[in-house]
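Chain by chain, the residues:
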Amino acid sequence: MTLEVFPVAAAGKNIRPGTVVEFFDKKKLVCAVCIGVKNERIQVLTESGRTGNVTSKRILHSSEAGLDISSGRENLQLTLKEIVDRRLQLMRQVSVAELWDLLQDEEEGFACEQLAELCFSEQISSDHTAAVLRALLDDAMRFKYKGGMFYPLSAERLEQIRLQQERQAQRERETAEGAAWLAAVWKGEEAKEPENRRRYIQMLKDYCLLGTEAPNYQQIKKLLNLAQVPQPHGPFQILVRLGIWSEDENLYLHRFGIQEEFPEEIAAAAGRIEVAIDVKEREDLSFLTVLTIDGPMTRDFDDALSVRFLDGRVEVGVHIADAAELIVPESILDEEALERATSLYLPDKRIPMLPEVLSEGVCSLRLGEERLALSLLAYFNQEDQLEEYRFALSRVKVKRQLTYSEANEMLAEDKTLGYLFRLCTRLRRQRIAAGALLLPLPEIRVWVNGSGTIHLNKIDRETPAQVIVSELMILANSLAAKELAARGVPAIYRSQDKPQEIVEPDASDELYRNYRQRRYLSR
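Bear in mind the structure is a predicted one, so any value in this text is a computation, not a measurement.

### What to know about the overall build of the protein
Consideration 1: Per the secondary structure count, the protein includes 16 helices and 17 strands.
Consideration 2: For the protein, the C-alpha radius of gyration of 42 Å lies well beyond 24 Å, the compact-globule estimate for 523 residues.
Consideration 3: For the protein, the proportion of its 523 residues judged to be buried stands at 38%.
Consideration 4: Of the contacts formed within the protein by residues at least 6 apart in sequence, a portion of 60% connects residues at least 24 apart.
Consideration 5: Just so you have it, the protein exposes about 31400 Å², and 49% of that area is on carbon and sulfur atoms.
Consideration 6: Charge separation in the protein, taken as the distance between the mean sites of 68 positive and 83 negative side-chain charges, equals 4 Å.

### Looking at the nonpolar core
Consideration 1: Core analysis: the largest hydrophobic core is formed by 28 residues, its most contacted members being I293, L305, V316, F380, Y419, L420 and L472.
Consideration 2: Of all elements in the fold, only β9 (290-294), β10 (303-309), β11 (314-321), β14 (370-380), α14 (415-433) and α15 (464-487) reach the threshold of two or more residues within this core.
Consideration 3: Every residue in contact with L472, bar those within four places of it in the chain, is listed here: L305, V316, V318, L420, C424 and L427.
Consideration 4: Counting 27 residues, the second largest nonpolar core, distinct from the first, contains L29, V96, A135 and F150.

### Overview of the side chain of D294
Consideration 1: Structurally, the position occupied by D294 is in strand β9.
Consideration 2: Accessibility expressed as a relative area gives 10% for D294, which makes it buried.
Consideration 3: Apart from residues no more than four positions distant in its own chain, D294 is found in contact with F301, L402, T403 and Y404.

### Examining the pairing of β9
Successive side chains on a regular strand alternate, one facing one side of the sheet and the next facing the other.
Consideration 1: Most of β9 is tucked away: 5 of the 5 residues are buried.
Consideration 2: Judged by which residues are buried, β9 turns out to be covered on both faces: V290, T292 and D294 on one side and L291 and I293 on the other are all buried.
Consideration 3: Note: β9 against strand β15 (residues 386-403), 5 bridges, orientation parallel. Bridged to T292 within β15 is Q401.

### Observations concerning a negative patch on the surface
Consideration 1: Judged by side-chain charge, D105, E106, E107 and E108 come together as a negatively charged surface patch.
Consideration 2: Its location among the elements puts E108 in the loop between α2 (96-103) and α3 (112-119).

### Regarding the pairing of strand β3 (residues 41-46)
Consideration 1: Summarising the sheet, strand β2 (residues 28-38) and β3 pair through 6 bridges and their orientation is antiparallel. Bridge pairing links G36 to Q43 in β3.
Consideration 2: The turn linking β2 back onto β3 is made up of 2 residues, and N39 within it adopts a positive phi angle of 50 degrees.
Consideration 3: Sheet topology note: the β3/strand β4 (residues 51-55) ladder contains 5 bridges and is antiparallel. Residue pairing for β4: R41 is matched across the bridge by T55.
Consideration 4: If you look at the hairpin formed by β3 and β4, you'll find 4 residues sitting between the two strands, and G49 has a positive phi there, around 90 degrees.

### Observations concerning the confidence of the model for the protein
Consideration 1: With 97% of its residues at a pLDDT of 70 or more, the protein shows a mean pLDDT of 88.
Consideration 2: Segment residues 1-10: pLDDT under 50, and 24 contacts once partners within four positions in sequence are set aside and those in other chains are kept.

### Observations concerning the packing of aromatic side chains
Consideration 1: The final tally for this structure, using the stated rule, is 7 aromatic pairs.
Consideration 2: Judged by centre distance (6.1 Å) and plane angle (0 degrees), the ring pair of Y207 and Y217 falls under stacked. Here Y207 is found in helix α6 (residues 197-210), whereas its partner Y217 is found in helix α7 (residues 217-227), with 10 residues between them in sequence.
Consideration 3: Relative to F256, the ring of Y252 has its centre 6.5 Å away and its plane inclined at 10 degrees; by these criteria the two rings are stacked.
Consideration 4: Taking relative accessible area as the criterion, F256 reaches 60% and is therefore assigned exposed.
Consideration 5: The ring of W186 carries the charged tip of R241 above its face, separated from the ring centre by 4.4 Å.
Consideration 6: Just above the ring of F309 sits the side chain of K415; from NZ or CZ to the centre is 4.3 Å.

### A few points about the pattern of salt bridges
Consideration 1: Going through the model one piece at a time under the given rule, you end up with 32 salt bridges.
Consideration 2: A salt bridge links R395 to D284, with the nearest nitrogen and oxygen atoms 3.6 Å apart. Remark: D284 occurs in strand β8 (residues 283-284) and R395 occurs in strand β15; sequence separation between them is 111 residues.
Consideration 3: Residue classification places R395 among the buried residues on the basis of a relative accessible area of 10%.
Consideration 4: Exposure remark for D284: the relative accessible area of 35% places this residue in the partly exposed category.

### A closer look at helix α8 (residues 234-241)
Turn by turn, an α-helix covers 3.6 residues, leaving residues three or four places apart pointing in a common direction.
Consideration 1: Burial analysis of α8 places 6 of its 8 residues in the buried class, the great majority of the element.
Consideration 2: Of the residues making up α8, those classed as buried are G234, P235, F236, I238, L239 and V240.
Consideration 3: Contacts made by the buried residues of α8 are with α5 (155-187), α6, α7 and α9 (251-255).

### Focus: the packing of α3 against helix α4 (residues 126-139)
Consideration 1: Relative to each other, α3 and α4 sit at 95 degrees, their axes nearing to 8 Å. The angle between α3 and α4 places the two elements in the roughly perpendicular class. Facing C112, E113, L115, A116 and C119 of α3, the residues of α4 in contact are H128, T129, V132, L133 and L136.

### Some remarks on the state of the cysteines
Consideration 1: Summed over all chains, the structure comprises 0 disulfides.
Consideration 2: Of all cysteine sulfurs in the structure, the one in C34 sits closest to C31, which takes part in no disulfide; the separation is 13 Å.

### Re helix α10 (residues 264-271)
Consideration 1: Among the residues of α10, I266, A269 and A270 are the ones counted as buried. On an axial view of α10, the arc spanned by its buried residues comes to 100 degrees, and they lie on one face. In α10, the exposed positions angled more than 90 degrees off the buried face are occupied by E264 and G271.
Consideration 2: The elements touched by buried residues of α10 are α11 (332-340) and α12 (356-362).

### So, unusual backbone geometry
Excluding glycine, a negative phi dihedral is what most residues carry, and trans is how most peptide bonds are arranged.
Consideration 1: At the junction of Q231 and P232, the peptide bond is cis and its omega measures out at 10 degrees in the coordinates.
Consideration 2: Within the secondary structure, P232 sits in the loop between α7 and α8.
Consideration 3: One non-glycine residue, E330, lies in the positive phi region at around 65 degrees.
Consideration 4: The phi torsion at A341 lies on the positive side, around 75 degrees, for a residue other than glycine.

Each value, and the rule that gives it
- Residues numbered from 1 in each chain as written.
- Predicted model: local features only at pLDDT ≥ 70, side-chain atom pairs only at ≥ 80, totals over all residues.
- Heavy atoms only, no water.
- Helix = DSSP H or I, 4+ residues; strand = E, 2+ residues; numbered from the N terminus.
- Rg over C-alpha atoms; globule rule 2.2 N^0.38 Å.
- Buried < 20%, exposed > 50% of the residue type's maximum accessible area, 1.4 Å probe, protein only.
- Contact = heavy atoms within 4.5 Å.
- Areas by Shrake-Rupley, 256 points an atom, 1.4 Å probe, with all protein chains shown as cover.
- Lys, Arg positive; Asp, Glu negative; His and termini not counted.
- Charge placed at Lys NZ, Arg CZ, Asp CG, Glu CD.
- Core = buried A, V, L, I, M, F, W, Y, C linked by side-chain atoms within 4.5 Å.
- Pairing = 2+ DSSP bridges.
- Patch = residues over 30% accessible without salt bridge, like charges linked within 9 Å, V, L, I, M, F, W, Y side chains within 5 Å.
- Salt bridge = Lys/Arg side-chain N within 4 Å of Asp/Glu carboxyl O.
- pLDDT = per-residue confidence, 0-100.
- Phe/Tyr/Trp six-rings, centres within 6.5 Å; stacked < 30°, edge-to-face > 60°.
- Lys NZ or Arg CZ within 6 Å of the ring centre and 35° of its normal.
- Axes fitted to C-alpha atoms, helices over the stretch in contact; angles between N-to-C directions.
- Parallel < 35°, antiparallel > 145°, perpendicular 65-115°, else oblique.
- Disulfide = S-S within 2.5 Å.
- Arc of directions from axis to C-beta.

Here's what the structure looks like:
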């Protein structure tokens, strides 16, 4: 029960030098003697020897008999201690529970004098009434104190208070238990795990991820303070020591709710996917010499190229893995892909949009394996002008799987790669003539190896192999957009307004010029 102390006018009346009074100071009941009255403020000397001023409204109890203030400060303080000892001895004789049992059905309030007569058989003095006051205020549960009177609480209200106190005591025990556990973990000592271990761990995670915005911030902060765990980095280290997080834990993944692992039902659904090829609906392009060009760490091959030299013209193929054919719309796999939106490439790991059995398996254009694809077949004449094109649902089989560096090394001797580079160089010139603005920037690749060593590598985006891939992807996307628009198919188109200003070429520092030019582009 939270005790509410109301002003007691009666106790504060007729107080003069020598009157013994009691009042609350810093939530503690203090016994003192009045040594003077000035402007309705009472000057007091307390049992501990302190002097000060209190208002008459703060006085809870005053004695009828007074002390001789001329006897000296030490004598007054000694007498006050004797008075307190007597009152504490009398207080121990007061059974608040029995008093409440006797009066619980009464609605009116009772003064300390009335209650003292029920508690003691001898003649009632100020010490007896003060003892009752102390006992009931110390109990702070069965009686409500208001206006100098004590009112017995109902049995229902008492039960509510009891339950509240039990819950509060339980929370305090749990807090002490949790703080002891955290302190032991922090010090590297063995400790008994609390029953609420899972909850404490979640609170630590929330603190690391959300700081002051954590749902139970005040509670976990109290636990950490009691455990003397330094903040803000201590909670993270505790999670590391418990083996829940690693030293290099990516908190952004947790903060944005990105799951590395797929739920069991998603993994199971992915494992049940089978490629059922309908020959009638799929054009068989497995005879083509299809090749992929990717980075050395690539495991999910989603695009491939082909070249076929015909009479008087050349067929260039761009083949995109047709994952959509295998993922049923509105299925749990489709919903999971929609939730993730994209595969994430991080310095130390890759988090795929679809389970690896799909992204690196049946949906990946792997070497020597037949796969479903959406293919663009574009036909160029001898002057490298596009004459016609078509899209096809196809079946393809990759014959060659190259890295960018391997493709660059083979360029001079490989007829297919040599032709593609020459064609893509002309396609790029045509785009520039049509208004395209090339602003290539090198890519800085950061990765962390298995031992935790950080590596940096600058990737040139303008090598012949990079130009081949980028220009053919641009060609495929632009022709797809043209086809969708012609057929009236709803689609998301990306366009770019002209820059606000054209920065003149700078042969001495082309990279700086490209950065400057990018600043003048609209979003």
